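Read off the chains here:
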Amino acid sequence: MALMELTAFETAQKVKTGERSAREVLEAALERIAAVDGRPGTLDYGELTDEDRAKVHAFITLTAEKAIEQAEAVDAKVKAGEEVGPLAGVPLSVKDIFTVKGTPSTAASRILANFTAPYTATAVRRLEAAGAINLGKVNLDEFTYGSSSESSAFQPSTRNPWDTDRVPGGSSGGSTASVAAGEAMLSLGTDTAGSIRQPAAFCGVVGLKPTYGRVSRYGLIAFGSSLDCPGPVAANVRDAALMLGAMAGADPHDSTAAKVPVPDYMASLEKGVKGMRIGLSPDYMRITFPDPETGDLVEQELPEEIKAATLHAAEVLAKMGAEIVEDVPIPNTAYGIPAYFVISRVEAASNLHRYDGVKYGYRTKSDYRDLKEMYRKTRAEGFGLQPKLRILMGMYVSAAQYAEQYYARALRIRSLIRSDFDAAFALEGEYRLDALLTPTTPTTAFKMADVFGDSVLMQYADQLTVPANHAGIPGISLPGGIASDGLPIGVQLLAPDFAEETLFQAGQAYETATADEEWRKIKPEVLR
Amino acid sequence: MTDEISPELFEHLVDLAAFAFDPEEAEYLRRELNNQLKAIHQLENVPLADDVPLASHGVTYTAESCTGLRADEWKPCENPDEILSQAPQVDHRYIIVPDIPHTKLD
């Protein structure tokens, strides 16, 4: 079996025993990147060629030399009989929204294109300490603002390995595409409205949004500070569990990183779902989209294939011993996106005011009279349209005269969304769920440029994932089938606060039970 | 129906945000803002009892789960020159800020 076909868990075992070297694994990863990735995203990209359109373009910055040093250090430890971590020799990609000391940390924005981070994010530091080999930074929507990865200032933007005319989803599109294309075994992403789970569904990989506070945000370039969650992207559930275990836990650098014990996820992985109560909600089987003519929001049924994949997952879990609880009401799901339009924009506007061309990052090259003109020119040239749109909306809905009407109301509706999940998961409640099973996305991956520019339609791609961000609860997207368009479908499991262990157990049971299904044998286009 | 964000209001927001747009960009951004507000107005359909609290976070923080704030203690920076090297304009280890325009307050 080719090295990049191994799982992260198998790879670490082989590296630890000396059966394979970390250097060998790294060479295999670099070979795969050379074969499928094409040119990296840059600011001065020129015209797209036919060859560009057939490649993945996951990476912005490949740090091969640093990776070689890390791999050689792991191999030296193995040779010396020293302890190596649980991710020994596992190739990792990192969404370029995390700082990594001495490397460009761009947020896929021109305004940070020249920024070299002076420190490393806690999640990255912990993964590297566990033996992961950091290949470099992968592309995303600018400052994570999008659901297709197309808004990156670094083009060509990432394309879907299953069909390179399609988007990989976003904003962690570089992360999920790099894992789907076998360029990395693991990737570190972030999820603010579904930015790990939605692209994981589009690219046919596993993506976990942990509970808010499970993983430190130190070194994560902030978007929505009350919503952002770093999380793992992997090819399978076991690898995602291995990765979360290596990076979760309290951090003195982030007061919101919770002091909640991190379980041994690997120890409980095979416990199965016998006796688990898994819910289905009619509120996740209806979707809302803006009417293309009028812009009015129209309720629709979920596409049949996506609904069927979710119901199939329920049948599989029932056969494995779970009790399926139907008709669980989560009635405020439909308000997730409207509330997110307010809350995330206010937080984004607050976070983006720091980019002013004074302390770090881009400063205009043209002449300016004074500070105010420098600000204006720097921000006009440095930010793309999507960050500008978010700043303007955030300022509007938080302005003194509108804050009660918009911001305060959205925060109260967030309480309602949270209370829906509290009722579903309450130990003494009517439903007593261990997990809720839903589709991850309302569609499969859409075509490049089809949605980009329509900020409302793009946002509604996250309608089934965003409620978990408002509530803070963990969620996992699992590959759930292949649709008739040849593209992956994702199914999602949601659980109470800090119950990632439940998600891994249920996910592992589902993965094992469906291992021989025909759709699991289909590979992404770029690997055929 | 008139747009909630009129061209005049848009210009005011642009000024506050310290941006500058060409007419095409301005038209796109104003249209998208108004479209997003259409979606946001869905929130008005939600009946809200007086006792529904504002949620700044989804997950509740308790004394046990909260890391708490670090002690307010001065510690030397390990790499000040590395940080200063990121600034667009530095003179003798001071970050240079362009002239600040003077505005007479009424």
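What you see is a predicted model; the values in this text were computed from it and never measured.

Engineer: Where do I start with the overall build of chain B in this structure?
Structural biologist: Scanning chain B from N- to C-terminus turns up 3 helices and 2 strands. Ordered by position in the sequence, the α and β elements of chain B form the string α-α-α-β-β. Its C-alpha atoms give chain B a radius of gyration of 23 Å, clearly above 13 Å, the size a compact globule of 106 residues would have. Within chain B, the fraction of its 106 residues that count as buried is 15%.

Engineer: Could you clarify how one ought to interpret the overall build of chain A in this entry?
Structural biologist: Counting its secondary structure elements, chain A contains 17 helices and 13 strands. For chain A, whose C-alpha radius of gyration is 22 Å, the value lies close to the compact-globule estimate of 24 Å for 528 residues. Reported as C-alpha extents along the three principal axes, the dimensions of chain A are approximately 70 × 60 × 50 Å. The long-range share in chain A, meaning contacts at least 24 apart out of those at least 6 apart in sequence, stands at 75%.

Engineer: Just to check I follow, could you spell out the packing of helix H2 (residues 22-36) of chain A against helix H4 (residues 64-79) of chain A for this structure?
Structural biologist: All names here are of chain A. Look at H2 against H4: their axes get within 8 Å of each other, and the N-to-C directions meet at 155°. One element, H2, and the other, H4, form an angle in the roughly antiparallel class. Of the residues in H4, those in contact with Ala-22, Arg-23, Leu-26 and Leu-30 of H2 are Ala-64, Ala-67, Ile-68, Ala-71, Glu-72, Val-74 and Asp-75. In terms of residue class, the contact of H2 with H4 is built from 8 nonpolar, no polar and 3 charged.

Engineer: So what exactly am I meant to see when it comes to the interface of chain B and chain A here?
Structural biologist: A common way to express how large an interface is: the accessible area buried when the components associate. The interface is formed by 48 residues belonging to chain B together with 62 residues belonging to chain A. Counting residues per element, the side of chain B that touches chain A draws most heavily on helix H2 (residues 23-40) of chain B, which supplies 10 residues.

Engineer: Can you help me understand the packing of helix H13 (residues 385-398) of chain A against H2(B) in this one?
Structural biologist: For any two helices packed against each other, the geometry is given by the interaxial angle and the distance between the axes. Direction vectors running N to C along H13(A) and H2(B) enclose 55°, while the axes themselves pass 10 Å from each other. Accordingly, the angle class assigned to the pair H13(A) and H2(B) is oblique. For the pair H13(A) and H2(B), the crossing hand works out as right-handed. From H13(A), Leu385(A), Lys388(A), Leu389(A), Leu392(A) and Met393(A) reach across to H2(B), where they touch Glu25(B), Tyr28(B), Leu29(B), Glu32(B), Leu33(B) and Gln36(B). Taken together, the residues of the contact of H13(A) with H2(B) break down into 7 nonpolar, 1 polar and 3 charged.

Engineer: What exactly am I supposed to notice about the pairing of strand E3 (residues 133-138) of chain A here?
Structural biologist: Two faces belong to every sheet, and in a regular strand the side chains alternate between them. All names here are of chain A. Most of E3 sits inside the fold, with 6 of its 6 residues counted as buried. Bridging between strand E1 (residues 59-62) and E3 involves 3 bridges; their strand directions are antiparallel. Its bridge partner lying in E3, Leu-62 is registered against Gly-136. As paired elements, strand E2 (residues 91-95) and E3 share 5 bridges and run parallel to each other. Bridging from a neighbouring strand, Val-94 pairs with Lys-137 of E3.

Engineer: What's the story with the sheet that holds strand E6 (residues 229-234) of chain A in this structure? I'm lost.
Structural biologist: Across a sheet, strands are paired by hydrogen bonds formed along the backbone, either parallel or antiparallel in direction. Residue and element names in this part refer to chain A. In space, the 11 strands of this open sheet follow the order E1-E3-E2-E4-E6-E5-E12-E13-E11-E7-E10, with mixed pairing throughout. Each end of this open sheet is capped by a strand with a single partner; those strands are E1 and strand E10 (323-325). Averaged over neighbouring strand pairs, the angle between their axes works out to 30° when direction is ignored. The sheet contact formed by strand E4 (residues 186-191) and E6 spans 6 bridges and is antiparallel. What sits directly across from Gly-189, in E6, is Gly-231. Contacting E2, E3, E4 and E6, helix H5 (residues 122-129) runs over the sheet at an angle of about 160° to E4. Helix H6 (residues 173-180) contacts E1, E2, E3, E4, strand E5 (206-209) and E6 of the sheet and is inclined by roughly 155° relative to E4.

Engineer: Got a minute to help me understand the pairing of E4(A) in this structure?
Structural biologist: Residue and element names in this part refer to chain A. Most of E4 is tucked away, with 6 of its 6 residues classed as buried. Of the two faces of E4, the one lined by Leu-186, Leu-188 and Thr-190 and the one lined by Ser-187, Gly-189 and Asp-191 are each fully buried. Bridge analysis of E2 against E4 gives 3 bridges, and the strand direction is parallel. Directly across from Val-94, in E4, lies its bridge partner Leu-188.

Engineer: So what exactly am I meant to see when it comes to H2(B) here?
Structural biologist: An α-helix turns once every 3.6 residues. As a result, residues three or four positions apart point the same way. For H2(B), which comprises 18 residues, the first-to-last C-alpha distance of 25 Å matches the rise-based estimate of 26 Å (1.5 Å per residue) to within 8%. Buried within H2(B) we find Leu29(B), Arg30(B), Glu32(B), Leu33(B), Gln36(B), Leu37(B), Ala39(B) and Ile40(B).

Engineer: What is the right way to read unusual backbone geometry from this model?
Structural biologist: Residues apart from glycine generally show negative phi values, whereas peptide bonds are mostly found in trans. Going from Gln155(A) to Pro156(A), the amide bond is cis rather than trans, its omega being 0°. Counting through the fold element by element, Pro156(A) comes out in the loop between E3 and H6. Residue Gly170(A) is joined to Ser171(A) through a cis peptide bond whose omega torsion reads 10°. Residue placement: Ser171(A) occurs in the loop between E3 and H6. The phi dihedral of Phe498(A) is positive, around 60°, even though this residue is not glycine. Tracing the backbone through its elements, the reader meets Phe498(A) in the loop between strand E13 (488-494) and helix H17 (500-513). C-beta crowding within 10 Å serves as the criterion here: with 23 such atoms nearby, Phe498(A) is assigned to the buried category. For Arg93(B), which is not a glycine, the phi torsion comes out positive at approximately 65°.

Engineer: I would appreciate a short explanation of the confidence of the model for chain B in the present structure.
Structural biologist: When pLDDT is low, close inspection of the predicted coordinates is not appropriate. Per-chain confidence: chain B averages 92 in pLDDT, with 99% of residues scoring 70 or above. Model confidence for the complex: the whole-complex pTM is 0.98, and ipTM, which rates the interface, is 0.95.

Engineer: Sorry if this is basic, but what is going on with the environment of Gln386(A) here?
Structural biologist: All names here are of chain A. The topology assignment puts Gln-386 in helix H13. Residues Gln-386 and Ser-152, 234 residues apart in the sequence, show an inter-C-alpha distance of 9.5 Å. Every residue in contact with Gln-386, bar those within four places of it in the chain, is listed here: Asp-141, Glu-142, Tyr-145, Gly-146 and Ser-151.

Engineer: Looking at this model, I keep getting lost on the environment of Pro524(A). Mind explaining?
Structural biologist: All names here are of chain A. Locating Pro-524 in the fold gives a position in the segment after H17. For Pro-524, a count of 22 C-beta atoms within 10 Å corresponds to the buried category. Those residues in contact with Pro-524 that sit more than four places away from it in its chain are Pro-161, Trp-162, Ala-180, Ala-181 and Gly-204.

Conventions used here
All residue numbers here refer to positions counted from 1 along the written sequence of the relevant chain. Each chain takes a letter, starting from A, and each ligand takes a number, starting from 1, following the order in which they are written. The predicted origin of the model limits local features to residues at a pLDDT of at least 70 and limits the giving and counting of side-chain atom pairs to 80 or more, whereas totals for whole chains, interfaces and linings rest on all residues. Helix and strand definitions here come from DSSP, where helices need a minimum of 4 consecutive H or I residues and strands a minimum of 2 consecutive E residues; each element is numbered from the N-terminal end. Here the globule rule is a power law, 2.2 Å times the number of residues to the power 0.38, and the radius of gyration is based on C-alpha atoms. Residues with at least 20 neighbouring C-beta atoms inside 10 Å of their own are called buried, those with 12 or fewer are called exposed, and the rest are partly exposed, where every C-beta is derived from the backbone. By definition, residues are in contact whenever their C-beta atoms, placed on the basis of the backbone, come within 7 Å of each other. Where helices are involved, their axes are fitted lines through C-alpha atoms of the stretch in contact, as for all axes, and angles between N-to-C directions lie from 0 to 180°. An angle below 35 degrees is treated as roughly parallel, one above 145 as roughly antiparallel, one from 65 to 115 as roughly perpendicular, and anything else as oblique. Residues are grouped as follows: nonpolar covers Ala, Val, Leu, Ile, Met, Phe, Trp, Tyr, Cys and Pro; charged covers Asp, Glu, Lys and Arg; every other residue, Gly included, is treated as polar. Crossing handedness is defined as follows: a turn of the near helix away from the far one that is anticlockwise and smaller than a right angle gives a left-handed crossing, while the clockwise case is right-handed. Note: two strands are recorded as paired if DSSP finds a minimum of 2 bridges between them. Expected helix span is given by 1.5 Å per residue-to-residue step, counting one fewer step than there are residues. For every residue, the predictor assigns a confidence score, pLDDT, that lies between 0 and 100.

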